[in-house]
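# Close look at the chain arrangement
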Amino acid sequence: MKKYRIALVAHDHKKPELLQWVNKHIDVMRKCSIVATGTTGGLIADNTGLTVTRFKSGPLGGDQQIGALIANGELDALFFFWDPLNPAPHDPDVKALLRLCSVWNVPVACTAATADMVVTSPLFLSDDYQPVKPSYDR
Ligand SMILES: O=C(CO)COP(=O)(O)O
């Protein structure tokens, strides 16, 4: 079974929800190779024992670092619990990250409910399933 390469990101008010979600799916998470933005990654590593590769904090470029993974075909799914109720200083980066998921057909879950469905799908962790990678003529 291949190691699924996932990214975990949450804005501050959503961090408790993401941590709870990670613990709920801890067995699946152990089968994944996990990257995260800085503060999110620290929180998850400290509270779950999972190994997490931490990038910069979101406002300092962490979202863009994850975007680079997507552009390079190095990420299988993004779990991004962004905050719909509080403005982020780096909102352009947030939009850019979500946009790249659409550009490259990368599964992205922005709510715990969607994230539940993604990780419980038989396609998740499956060696057989490869999402169509769009090719762009430019
Ligand atoms: O701001 C973020 C995503 O846009 C998350 O960054 P932190 O994980 O460092 O809080």
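How each quantity is defined
Residues numbered from 1 in each chain as written. Predicted model: local features only at pLDDT ≥ 70, side-chain atom pairs only at ≥ 80, totals over all residues. Buried ≥ 20, exposed ≤ 12 C-beta atoms within 10 Å, placed from the backbone. Helix = DSSP H or I, 4+ residues; strand = E, 2+ residues; numbered from the N terminus. Pairing = 2+ DSSP bridges. Right-handed = clockwise from strand over helix to strand, strands pointing away. Contact = placed C-beta atoms within 7 Å. Axes fitted to C-alpha atoms, helices over the stretch in contact; angles between N-to-C directions. UniProt positions renumbered as here; feature names shortened; annotations may be inferred. Core = buried A, V, L, I, M, F, W, Y, C linked by C-beta atoms within 7 Å.

Turning next to the pairing of strand E4 (residues 77–81). Of all five residues that make up E4, five are buried, and the element is covered over most of its length. Burial along E4 is two-sided: the residues Ala77, Phe79 and Phe81 and Leu78 and Phe80 are all buried. In the sheet, strand E1 (residues 4–10) pairs with E4 via five bridges, with the strands oriented parallel. Residue pairing in the sheet places Ile6 in a bridge with Ala77 of E4. Of the pairings in the sheet, the one linking E4 to strand E5 (residues 108–109) comprises two bridges and is parallel in character. From the neighbouring strand, Phe79 faces E5, where its bridge partner is Ala109. The parallel pair E4 and E5, bridged by helix H5 (residues 91–103), forms a crossover whose chirality is right-handed.

This part covers the sheet that holds strand E3 (residues 52–54). Strand pairs in the sheet, formed through backbone hydrogen bonds, run parallel or antiparallel to each other. If you trace the five strands from one edge of the open sheet to the other, you get E3-E2-E1-E4-E5, paired in parallel fashion. Sheet topology places E3 and E5 at the edges, where each strand pairs with a single neighbour. Contacting E1 and E4, helix H1 (residues 15–24) crosses the sheet at an angle of about 150 degrees to E1. On top of the sheet, helix H3 (residues 38–48) reaches E1, strand E2 (32–36) and E3; it is set at about 155 degrees to E3, its chief contact.

Mapped onto this numbering, the UniProt entry annotates "binding site: substrate" (unreviewed entry) at His11, Lys15, Thr37, Gly38, Thr39, Thr40, Ser57, Gly58 and His90. In this structure, His11 sits in the loop between E1 and H1. Here Thr40 is to be found in helix H3. Judged by the 30 C-beta atoms lying within 10 Å of it, Thr40 is buried. Apart from residues no more than four positions distant in its own chain, Thr40 is found in contact with Leu8, Val9, Ala10, Lys15 and Leu18.

Glancing now at the nonpolar core. Ranked by size, the top nonpolar core spans 32 residues in total, and within it Ala7, Leu8, Ile66, Leu78 and Phe79 carry the most contacts. Counting residues per element, the ones that place at least two in this core are E1, H1, E2, helix H4 (62–71), E4, H5, E5 and helix H6 (112–120). With near-sequence residues (within four places) excluded, Leu78 lies in contact with Ala7, Ile66, Cys101, Val106 and Val108.

Along the chain, Asp63 turns up in helix H4. For Asp63, a count of 28 C-beta atoms within 10 Å gives the class buried. As a C-alpha pair, Asp63 and Val94 span 31 residues in sequence and 6.5 Å in three-dimensional space. Excluding residues within four positions of it along the chain, Asp63 makes contact with Thr37, Gly58, His90, Asp93, Val94 and Leu97.

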